[in-house]
Amino acid sequence: MTVMEVYSEGKTGKRANNTLVDNFSKPTVKVLCEGYISNHHRRICANSSATITIDDNTGREKRLGNATECALLSMSDEMGYNYKNVRNLRKERLMVPFDSKRKRMTTVYSTDSDSEFIVYVKGAPDIMLPYCSSIIDENGRVSPLQEADMQSLERRVLKRNAEIGYRSLLLGYKKISGSFNPDDYSSEESYEELEGNITLIAIVGIEDPLRDGVRNAVKICQNAGIMVRMVTGDNIDYAKSIAIQSGIITKEQIDPASPNYLRYGCMLGKDFFKEVGGLVKMPPEKGSDKPRDAIGNPEKFNRIARELRVLARSQPEHKYTLVTGLKENPQNVVAVTGDGTNDAPALKKADIGFAMGITGTEIAKEASKIILLDDNFNSIVTALKWGRNIFLNIRKFLQFQLSVNVTALSIAVVAGIAKFEEPPINAIQMLWVNLIMDTFAALALATEPPSEQLLKDKPYGKNESILSACMWRNLVCVSVYQIAVLMLIMFIKPEFLIPPKSRDEGELTYQRRVNTTIFHIFVLMQIFNELTCRRFKSNEFYIFDDFFNNWRFIVIFIITLGVQILIIESAVTSSSGNKSFGELIFKITSIGFKQQVMCALIAMNVVTWALICKLLIPEKLFSFVKVNESPMTDVEIARGTVARIRKSRRFRRDDEDLVYIPGLRKYSFHRTYTGLPRVNTDKTFDRGLRNPLLRDERFK
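Cut-off values and rules
Residues numbered from 1 in each chain as written. Predicted model: local features only at pLDDT ≥ 70, side-chain atom pairs only at ≥ 80, totals over all residues. Heavy atoms only, no water. Helix = DSSP H or I, 4+ residues; strand = E, 2+ residues; numbered from the N terminus. Buried < 20%, exposed > 50% of the residue type's maximum accessible area, 1.4 Å probe, protein only. Contact = heavy atoms within 4.5 Å. Areas by Shrake-Rupley, 256 points an atom, 1.4 Å probe, with all protein chains shown as cover. Pairing = 2+ DSSP bridges. Axes fitted to C-alpha atoms, helices over the stretch in contact; angles between N-to-C directions. Parallel < 35°, antiparallel > 145°, perpendicular 65-115°, else oblique. Left-handed = near helix turned anticlockwise from the far one by under 90°. Nonpolar A, V, L, I, M, F, W, Y, C, P; charged D, E, K, R; others polar. Phe/Tyr/Trp six-rings, centres within 6.5 Å; stacked < 30°, edge-to-face > 60°. Salt bridge = Lys/Arg side-chain N within 4 Å of Asp/Glu carboxyl O. Core = buried A, V, L, I, M, F, W, Y, C linked by side-chain atoms within 4.5 Å. Polar contact = N/O pair within 3.5 Å; in protein donor to acceptor, adjacent residues only side chain to side chain. Expected span 1.5 Å × (residues − 1).

Chemist: How would you explain the overall build of the protein chain if you had to name every residue and give the values?
Modeler: Scanning the protein chain from N- to C-terminus turns up 23 helices and 22 strands. In the protein chain, which comprises 700 residues, the share counted as buried stands at 48%. Within the protein chain, contacts between residues separated by at least 24 positions form 64% of all contacts whose residues are at least 6 apart in sequence. For the protein chain, the accessible surface area stands at approximately 35400 Å², while carbon and sulfur atoms represent 55% of it.

Below you can see the structure in the form of structure tokens.
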């Protein structure tokens, strides 16, 4: 942040060539930076808790503390006043810190005389102007502040700063004579008495530029079907300006004369809270004894929520109300960002809470589910991409698992009914199939990296079934093909796959040759089915899209295919007549090279068959197939694994421990903090619980 303009004495000092040019009188500068009358009471420097140091390595300015206070201290230095001298010379008697409700900060310092004190106040101009009774005029003298003067300030200074994109801050002071007891000031009423009748020194315009990439990140979220709303404590004019800059709202949407005007596009927090009827208590959910919060006027809330983009001058209860109302719609998935202690209720109420890792308080971090280590909105796009990717990978793996199980179960049932002497796929062979189906497939399909296409898809609702109509279509079609092929081999025994039985070949040997062919073609179909599961959506026809981005899939595909061929080749009987490895372990016999090639060609056709089904069979035909699924309640979530992790053990800050996660049976080396372990990318081994967000290069 940087102070760009200072309004005082009825005129404005602006920054030019990276230097703040002020044309104020010396007495006014003393009032602004040193304090009125005495040159030891530095208004800006005293009423601040921030510090500025010089980095020994880079020689650059290093700011510690609130960014707004650091900007004011930099301005004071530019005007020739060092803040450190004041804090060492004057004794602080009382500090009322800034909070989101009061929108101001107050500090009381004693003067050289024990009977005189100076009150320094800074805060939001629209909140503090009613507390001002005087102002420094064009002549550098204190004169009364009239109602017309306030309206002029709002129009000429505050409105203009908001349109430019500057955050306005009012600086004021007053003197107190007589005794001063800090213990007398502990309530809101006493604070207002202390801050009343102050003299307005200046209104500063502070530039708080958007971070690089924020506008693009907002656009990506909007293209991904996400409605981005800004909930801020700033005044509504400044909030509109920032919302327009970031792309959250357009100028047409806030222009009443435009056909695209949104009546509820920008609202004040108190007006929003009043319109929706506030919060009411409802009967507790099943399994809970605590009443739940609900919106007083749900119909009005839904009308407002469809248009609302900016909520200005928002209090914590307004943010919590917005989250509560949005969550009442079962289709909504609500994500909230926050950094302060007051944000904790909204962070905890939301489906996904994002806490700031740098500026966020520990309470906010404990209430959140994801911590943004760099406090950057771009990281939310990364979280979005990884979250969708994880859900998609689960679906890929699930479709593969079900198709394997359906085929294997069908073959086992048919073989049992037909009373074969030997099952087509025996127990050892099924163990190898399970190894492919569980371990290898999980590594291959669940480790697919996210693609940019994920950010163009529509979002999933909370009631979205994990088995979509598209998956049912693919599952049925692929399973039908595999079962048909295997049944054909079991009962018809085509000669191009299984040569006729020779005279000296026994029935048991011949049947084992048939079973070997069934086993080989069954495994090969599952291996090639992994390719179809990579891209299972109806509009995804190129199965090799981003194929080389996942080296794990390529390695596992080659290994499983190679091992399967080796198993079949190991069935060749040695010249000494001893049984081979394949015959002893897998109970298979040798099949010729021609038959192996034919098996591979038939197995590869599972890919072609899946593509034909995508083209010819609409997924709507399977939309009636539903799995009995229901979203978890807040009570169930509170009793879930994550809640148990949080409650299982308390960790000391900055300790390095071998952390045991109860219920998950995983160990991981973490740098831990109070409560849930906070993963440090430099301290986490590649085992145990790993947050995919932390693997992104921007987090290192």
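Next, the rest of the story.
Chemist: Could you give an account of the sheet that holds strand E19 (residues 352–356), with specific residues and numbers?
Modeler: The strand order across the open sheet built from three strands is E18-E19-E20, with neighbouring strands paired in parallel fashion. Pairing within the sheet leaves two strands with one partner each, and these edge strands are strand E18 (335–338) and strand E20 (370–372). On average, each strand axis in the sheet is inclined to that of its neighbour by 25°, with strand direction left out of account. Sheet analysis places E19 next to E20, joined by three bridges and oriented parallel.

Chemist: Tell me what's going on with the packing of helix H16 (residues 427–445) against helix H18 (residues 507–534), and back it up with residues and numbers.
Modeler: As a packed pair, H16 and H18 sit with axes 11 Å apart at the nearest point and diverge in direction by 15°. With respect to H18, the axis of H16 lies roughly parallel. Crossing of H16 against H18: the hand is right-handed. Along the contact surface, H16 presents Gln429, Trp432, Val433, Ile436, Ala444 and Leu445, while H18 presents Phe519, Phe522, Val523, Glu530, Cys533 and Arg534. Classifying every residue of the contact of H16 with H18 gives nine nonpolar, one polar and two charged.

Chemist: Mind laying out the packing of aromatic side chains, listing which residues take part and the relevant values?
Modeler: This model, assessed by the stated rule, comprises 16 aromatic pairs. Arranged with centres 6.1 Å apart and planes meeting at 45°, the rings of Tyr109 and Tyr120 form a pair that is tilted. Separated by eleven residues along the polypeptide, Tyr109 in strand E7 (residues 104–110) and Tyr120 in strand E8 (residues 116–123) bring together distant segments of the chain. Judged by centre distance (5.9 Å) and plane angle (70°), the rings of Phe528 and Phe557 are edge-to-face. One end of the pair, Phe528, is in helix H18; the other, Phe557, is in helix H19 (residues 551–569), with 29 residues separating them in the sequence.

Chemist: Kindly report on the pairing of strand E1 (residues 2–8), identifying the contributing residues and their values.
Modeler: Across the seven residues that make up E1, a large majority, six, are buried. Bridge analysis of E1 against strand E12 (residues 198–207) gives five bridges, and the strand direction is antiparallel. Each bridged residue has a counterpart across the sheet, and for Val3 the counterpart in E12 is Ile206. Sheet topology note: the E1/strand E2 (residues 11–16) ladder contains four bridges and is antiparallel. Residue Tyr7 lies in a different strand from E2, and its bridge partner there is Thr12. Where E1 folds back onto E2 in an antiparallel hairpin, the turn is made up of two residues, including Glu9, whose phi is positive at roughly 55°.

Chemist: Would you mind going over the pattern of salt bridges in detail, with residue names and values included?
Modeler: Summed over the entire model, instances satisfying the criterion amount to 24 salt bridges. In this structure, the salt-bridge partner of Glu9 is Lys11, at a minimum N-O distance of 2.8 Å. In this structure Glu9 comes out as buried when scored by relative accessible area, which is 3%. A salt bridge links Lys501 to Glu507; its shortest N-O distance comes to 2.8 Å. Under the relative-accessibility criterion, Lys501 is labelled partly exposed at 41%.

Chemist: Could you give me a rundown of the nonpolar core, with the residues and numbers involved?
Modeler: Soluble globular proteins: nonpolar side chains tend toward being buried together. Residues Ile489, Phe519, Phe522, Val523 and Phe528 are the most contacted members of the largest nonpolar core, which totals 54 residues. Looking at this core, the element that brings in the most residues is H18, giving 13 residues. In contact with Phe528, not counting residues within four places along its chain, are Phe557, Ala600, Ala603, Met604, Val606 and Val607. Of all hydrophobic cores here, the second largest spans 25 residues; its members include Val121, Cys132, Tyr191 and Ile198.

Chemist: Give me the sheet that holds strand E17 (residues 310–312): which residues, what numbers.
Modeler: Spatial ordering of the open sheet is given by E13-E17-E14, a layout of three strands whose pairing is parallel. Only two strands of the sheet have a single neighbouring strand rather than two, namely strand E13 (230–231) and strand E14 (266–268). As judged from the three bridges shared by E14 and E17, these two strands associate in the parallel manner. The residue of E17 that forms the bridge with Met267 is Leu311.

Chemist: With reference to specific residues and values, describe the packing of helix H8 (residues 214–223) against helix H9 (residues 236–246).
Modeler: Taken N-terminus to C-terminus, the directions of H8 and H9 make an angle of 75°; their axes are 8 Å apart at the nearest point. Taken together, H8 and H9 sit at an angle that is classed as roughly perpendicular. Between H8 and H9, the residues in contact are Val214, Arg215 and Val218 and Ile244, Gln245 and Ser246, respectively. Looking at the contact of H8 with H9, its residues break down into three nonpolar, two polar and one charged.

Chemist: How would you sum up the pairing of strand E9 (residues 132–136)? Please name residues and give values.
Modeler: Among the five residues in E9, four count as buried, and that is most of the element. Relative to E12, E9 runs parallel, the two being bridged by three bridges. Each bridged residue has a counterpart across the sheet, and for Ile135 the counterpart in E12 is Leu200. As defined by bridge partners, E9 adjoins strand E10 (residues 142–144) across three bridges and the pair is classed as antiparallel. Note on E10: the bridge partner recorded for Ile136 is Val142. Count of turn residues in the E9/E10 antiparallel hairpin: five residues, of which Gly140 carries a positive phi of about 80°.

Chemist: Give me the side chain of Ser246: which residues, what numbers.
Modeler: Secondary-structure assignment places Ser246 in helix H9. A polar contact of 3.2 Å, which involves the side chain of Ser246, links it to the backbone oxygen of Ala243.

Chemist: Outline helix H6 (residues 147–164), listing residues and values.
Modeler: Owing to its 3.6 residues per turn, the α-helix brings residues three or four apart onto one side. The terminal C-alpha atoms of H6, which comprises 18 residues, lie 25 Å apart, in line with the 26 Å expected from a rise of 1.5 Å per residue. On its buried face, H6 sits against E1, helix H5 (125–128), E9, strand E11 (166–177), E12 and H9. Following H6 by one or two positions, Gly165 has its phi on the positive side, about 105°.

Scope: geometric values only; no functional claims are made or implied.
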